[in-house]
Amino acid sequence: MKKFDKDKLIIGAAGPVLALVSSFVLTMLVLLATGLDPIEPIRLMIENAGYSDIQVLIVNQTGIYYLAALGVALGFRMNLFNIGVDGQYRLAAMVSAVVGASVELPGPLHILLIVLVAMLTGAFWAGIAGILKTSRGVSEVVSTIMLNAIATSLIAWLILPKNLGVQPAGSNDLTTGKIAESGWFPGIDMGQGNGEIYGFTFVALALGVVYWFALNRTRFGFDLRATGESESAAQASGVDAKKMILTSMLLSGALAGLSGMPTLLGDTHTYSLSFPVGVGFTAITIALLGRNNPVGVLFAALLFAFLDKASSSLDVEGYPKEITQIMQGIIVIAVVVSYELVRRYGTRRQQQKVGEELAAGGALKTDKEVSA
Amino acid sequence: MELHGITKRFPGVVANRDIAITVRKGTVHALIGENGAGKSTLMKILYGMQKPDEGTIAIDGEQVAFSTPGDAIARGIGMVHQHFMLADNLTVLENVVLGGEKLHGIGAKARKKILEISDAYGLGVRPDALVEDLGVADRQRVEILKVLYRGARILILDEPTAVLVPQEVDALFDNLRELKAEGLTVIFISHKLGEVLKVADDITVIRRGTTVGTADPRTATTKQLAELMVGSELPSPETRESTVTDVPMLQVEGLTLLETGITAVPQVSAARVVSPSDTYVHESAEVGRKLLDDVSLTIHKGEILGIAGVEGNGQTELIEALMGMVSPDAGVIRLDGADLSAVPVRKRREGGIGYIPEDRHRHGLLLEAPLWENRILGHVTEAPNSKRGILDLKAARQDTERIVREYDVRTPGIDVTAASLSGGNQQKLIVGREMSHNPKFLIAAHPTRGVDVGAQAQIWDAIRDARREGLAVLLISADLDELIGLSDTLRVMYRGKLVADADPATITPEQLGSAMTGAASGHLEGGEQAEQSAQPEQSEDGDAR
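Residues numbered from 1 in each chain as written. Chains lettered and ligands numbered in written order. Predicted model: local features only at pLDDT ≥ 70, side-chain atom pairs only at ≥ 80, totals over all residues.

A.B. asks: How should the overall build of chain A be read in this particular structure?
C.D. replies: Tallying secondary structure elements over chain A gives 14 helices and two strands in all. Judged by the C-alpha coordinates and their principal axes, chain A covers about 90 × 55 × 35 Å. In chain A, which comprises 372 residues, the proportion classed as buried is 46%. Across chain A, contacts joining residues at least 24 apart in sequence account for 75% of those joining residues at least 6 apart. (Helix = DSSP H or I, 4+ residues; strand = E, 2+ residues; numbered from the N terminus. Buried ≥ 20, exposed ≤ 12 C-beta atoms within 10 Å, placed from the backbone. Contact = placed C-beta atoms within 7 Å.)

A.B. asks: It is not clear to me how the sheet that holds strand β21 (residues 489-494) of chain B should be interpreted in this structure. Could you clarify?
C.D. replies: Strand pairs in the sheet, formed through backbone hydrogen bonds, run parallel or antiparallel to each other. Residues and elements named next belong to chain B. Strand order in the open sheet made by the seven strands is β16-β19-β20-β13-β21-β22-β23, with mixed pairing throughout. Either end of the sheet is taken by a strand with one partner, and the two such strands are β16 (353-356) and β23 (522-524). Between one strand axis and the next, the sheet turns by 25 degrees as a mean value, whatever way the strands run. Summarising the sheet, β16 and strand β19 (residues 441-445) pair through four bridges and their orientation is parallel. Residue pairing in the sheet places Y355 in a bridge with I443 of β19. Running over the sheet, helix α10 (residues 315-323) touches β13 (304-308), β16, β19, β20 (472-476) and β21 and is turned about 150 degrees from β19. (Pairing = 2+ DSSP bridges. Axes fitted to C-alpha atoms, helices over the stretch in contact; angles between N-to-C directions.)

A.B. asks: Teacher, can you tell me more about the confidence of the model for chain B here?
C.D. replies: Detailed reading of the predicted coordinates is not advisable wherever pLDDT is low. All names here are of chain B. In the predicted model, chain B carries a mean pLDDT of 81, and 87% of its residues have values of at least 70. This stretch, residues 528-545, has a pLDDT under 50; its non-local contacts, to residues over four places away or in other chains, come to 45 contacts. Taken together, the chains of this predicted complex give a pTM of 0.74 and an interface ipTM of 0.83. (pLDDT = per-residue confidence, 0-100.)

A.B. asks: Looking at this model, I keep getting lost on the nonpolar core. Mind explaining?
C.D. replies: General note: in soluble globular proteins, nonpolar side chains tend to be found buried as a group. Counting 252 residues, the largest nonpolar core has Y65(A), A68(A), A69(A), L155(B) and I443(B) as its most contacted members. Looking at this core, the element that brings in the most residues is helix α3 (residues 52-76) of chain A, giving 15 residues. The residues contacting L155(B), other than those within four sequence positions of it, are G78(B), V80(B), I144(B), V147(B), L179(B), L184(B), V186(B) and I187(B). (Core = buried A, V, L, I, M, F, W, Y, C linked by C-beta atoms within 7 Å.)

A.B. asks: Before we go on, may I ask you to explain helix α15 (residues 423-435) of chain B in this structure?
C.D. replies: At 3.6 residues per turn, the α-helix brings residues three or four places apart onto the same side. All names here are of chain B. Taking 1.5 Å of rise per residue, the 13 residues of α15 would be expected to cover 18 Å, and the 18 Å separating its terminal C-alpha atoms lies within 8% of that figure. Of all 13 residues making up α15, 12 are buried, and the element is well covered by its neighbours. Three or more residues of α15 are buried, namely G424, N425, Q426, Q427, K428, L429, I430, V431, G432, R433, E434 and M435. Along its buried surface, α15 packs onto β16, α12 (360-364), α13 (371-376), α14 (393-406), β19 and α16 (453-468). (Expected span 1.5 Å × (residues − 1).)

A.B. asks: Would you mind showing me how to read the pairing of β19(B) here?
C.D. replies: The side chains of a regular strand alternate between the sheet's two faces. Residues and elements named next belong to chain B. Within β19, five of the five residues are buried, which leaves the element mostly enclosed by the surrounding structure. Burial of the side chains of β19 extends over both faces: F441, I443 and A445 are buried on one face and L442 and A444 on the other. The handedness of the β19 to β20 crossover, carried by α16, is right-handed. (Right-handed = clockwise from strand over helix to strand, strands pointing away.)

A.B. asks: I'm lost on the packing of α3(A) against helix α12 (residues 279-289) of chain A in this one. Help?
C.D. replies: Helix packing for two helices is described by the angle between their axes and how far apart those axes are. Residues and elements named next belong to chain A. Contact geometry for α3 and α12: axes closest at 8 Å, N-to-C directions at 65 degrees. Judged by the sense of rotation from one axis to the other, the crossing of α3 with α12 is right-handed. Across from I64, Y65, A68, A69, G71, V72, A73 and F76 in α3, the residues of α12 making contact are V279, G280, T282, A283, I284, I286 and A287. Among the residues forming the contact of α3 with α12, the class breakdown is 12 nonpolar, three polar and no charged. (Left-handed = near helix turned anticlockwise from the far one by under 90°. Nonpolar A, V, L, I, M, F, W, Y, C, P; charged D, E, K, R; others polar.)

A.B. asks: What's the story with the interface of chain B and chain A in this structure? I'm lost.
C.D. replies: Think of interface size as the accessible area that goes away when the parts come together; that is how it is often given. Tallying the contact residues gives 40 residues for chain B and 31 residues for chain A. Every element with two or more residues in the side of chain B that touches chain A is listed here: α11 (345-350), α12 and β18 (390-391) of chain B. Taken together, the residues of the side of chain B that touches chain A break down into 20 nonpolar, 14 polar and six charged.

A.B. asks: Where do I start with unusual backbone geometry in this structure?
C.D. replies: One can expect most non-glycine residues to show negative phi and most peptide bonds to be in trans. Residue and element names in this part refer to chain B. Residue P384 is bonded to the preceding A383 through a cis peptide linkage, with omega at 0 degrees. Positionally, P384 belongs in the loop between α13 and β17 (386-387). We note that D336 has phi near 55 degrees; this positive angle belongs to a residue other than glycine. Considering the arrangement of structural elements, one finds D336 in the loop between β14 (330-335) and β15 (338-339). With a phi close to 55 degrees, D408 is a non-glycine residue in the positive phi region.

A.B. asks: Explain the environment of R219(A) to me, please; I cannot follow it from the model alone.
C.D. replies: If you trace the backbone, R219(A) turns up in helix α8 (residues 219-229). Residues within four places of R219(A) in sequence aside, it is in contact with V380(B), T381(B), S386(B), G389(B) and L391(B).

A.B. asks: What am I meant to see in the sheet that holds strand β12 (residues 290-300) of chain B here?
C.D. replies: All names here are of chain B. Read across the sheet, four strands follow the order β12-β11-β14-β15 without closing on themselves; strand pairing throughout is antiparallel. With partners counted over all chains shown, the strands left at the sheet margins are β12 and β15, one partner each. Where β14 lies against β15, two bridges are found, and the strand directions are antiparallel. Residue pairing for β15: R334 is matched across the bridge by D339. Contacts from α10 reach β11 (248-258), β12 and β14 within the one sheet, and its direction differs from that of β12 by about 65 degrees.

A.B. asks: I keep staring at helix α10 (residues 241-258) of chain A and nothing clicks. Help me out?
C.D. replies: Residues and elements named next belong to chain A. The first and last C-alpha atoms of α10 sit 26 Å apart over 18 residues, in line with the 26 Å expected at 1.5 Å per residue. When α10 is considered as a whole, its buried residues turn out to be M244, I245, S248, M249, L251, S252, G253, A254, L255, A256, G257 and L258. On its buried side, α10 packs onto α3, α4 (85-102), α5 (107-136), α8, α11 (261-268) and α12.

A.B. asks: Where do I start with the packing of helix α7 (residues 200-217) of chain A against α8(A) in this structure?
C.D. replies: Residue and element names in this part refer to chain A. Taken N-terminus to C-terminus, the directions of α7 and α8 make an angle of 75 degrees; their axes are 5 Å apart at the nearest point. When the axis of α7 is compared with that of α8, the two are roughly perpendicular. For the pair α7 and α8, the contacting residues are A214, L215, N216 and R217 in the first and F220, G221, L224 and R225 in the second. Taken together, the residues that form the contact of α7 with α8 break down as four nonpolar, two polar and two charged. (Parallel < 35°, antiparallel > 145°, perpendicular 65-115°, else oblique.)

So this is what it looks like as structure tokens:
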């Protein structure tokens, strides 16, 4: 049955390739329409990606996106749309930064504490949506979007100097105070001022493996995927739907909470007003593009990190770097359309193939039946 | 009408090959064949939904080519689909004129025309009844009228009896005879051989996409037809020797389930007037209606208990309560002595309940997942599928191969998705899966629905074999022959209650049918026919669909 596997691979790759090619073409058309050279910005971005310091930035950003996208993908695998990854990520970063700055512990313990607090905070924030869904039937799409807004206000209030925040002297910024060095996650210095790769990036990669194993090799993962593919069939098979919704919401939130860790533990060591936002939204696109598959999501995260970081010098050359945002936006639409097209094609093709193979070998079977 | 050398290829598959049929004017022509034999494709070609690759169609000696159903309608061909295409919230009149407004308008003229057709063919259709208030048999008559209204002279009926109880089938056949008497031609697609012999003037048999023979209904027997149809002997659902023991396996006492969330005002019984046209207007759901009403039953080891009933009378709820998917408001369920009343679904499955669901696509399979994952479904915690929370893919795949082999699931491999198998093969996979865990008690809901004759026999065999080993089976089926043939004990369910019991050795499908519509209750004795014939058919299943 090797043939089916090869087919599956080709069909699996066809979706993202189709989406990317069409979004590239559309982006070029947008550039043309605004009277700009459509090739030059892309050439510049590829050239930028050749520099070591940009490469470090891309790798670091990939880790951040990867964690957040895994959180989204986990929900997607059972048809839960956790749109609230961004809020969970920010709140978790903020709370864990506060806790991290307020204690001093031996190295590994300090880091472990911060990471645990981040996971719990993310899980808690996502869990609210989970409980609302299981007890009241509130759509998680609506509740997580609203929780994003609430998280924004909550953080703005908590970070006020009269509450948990600190205002560094001579600055307009508000922070949560510096985490002591014992709570810094060691990175790999790339030398010559190229910066360092966050150590947490490797944790992210390891979690990709854990994600794969948990989903594909455990009972829990099977139940989760079954629920995503057919809720009614999963329920009849003995899956407790409510428990499953709540568990995956909590796990999704915990992963979202982790996605703030590379930045917090490896770079800023504090949560401030300038802490990156929007990671959770980009992660939705990345999870879609990567088909919720740990390897696919990794490549998608890499691509988006590249678009983000390699585009920074476009402004200097006279090209709006917003074209990368246009491109990311087009990818979302293209992904949804092309995946559905490919899925339908694949199903039809397989049904045909099965029919064909049975027609070829079917005559034998019938003869056997007659004699039986 | 004549068809010659019709061939239709889909990429890689030949659906129809060199089909030749001659339909005489003014006759009922039956087209029979197994599921997947190519009947539907042929009908789609006749109705202009698909174009043949080769071959010719001639009507009244004149060659025609249809590229849309519109062309076919213009030529006087009308189709009554198996699944009704009616808008529930519109009246009969509105449904009939919908899309055909140009013919006779939408007002008085259309109403007159409808009544005219209805009277001419004895259809008894009331133009102002809401379709949602009509039972299945009435809806079917509306469909037929809709086609006649558009001037059809040739009617194609796709499995028209699949949804009817025996009495309704007889009424339909009377209608068909009327149509025939008026010079109309009826093409009747079916795989129920007894019915075909009753109503058809000519019979054409299709097997593997081609016409394999014709038969004269006056001389042919069901056995001969079936052999033509499958190319082998007809399976029978008869269970030979009794294996019933006196060890109770499943005991259900006083199971009651109330409908929730319905707040419609109970209607006064005036709405229940049965009109002369035998249309039945069912009352709206009452608050807290009992979906299951004090259901008590015991199934012993080695016993098959069959439940007859028009769909929607509580069978689904009974299954869901037994599986633990809904929690009943009262009652006790005991399996092999252990109280299951408050146990979740998974524990019940682990405790030895096998489940062949009535809707395999919704409850039995992950359509987009490969066969081996479907083999795990429902038994993820049991050997050989997993050990200590970790899936054992190798063992699960091996066991899938075994099921495919032993239960003759026709598939090129276990990595194809469940969706790419035919219904019969999907069902065989489910049966194989459920039997692989040595259940003590099996719920078999419509185990052979939409399954071809060959697979049907295999599924019956599997159930019979397990029964011999001491399995207790709850069989729910709309196929009365299957119920009577397989069951050791029969019960009739009507409005959530077990209203009658019968001995499958003496009961006839007609007697069961009348109990199913609420016309008879208590213990049904074979041979007692009076009560049922005195009561004209009451279609009772308006809320079932």
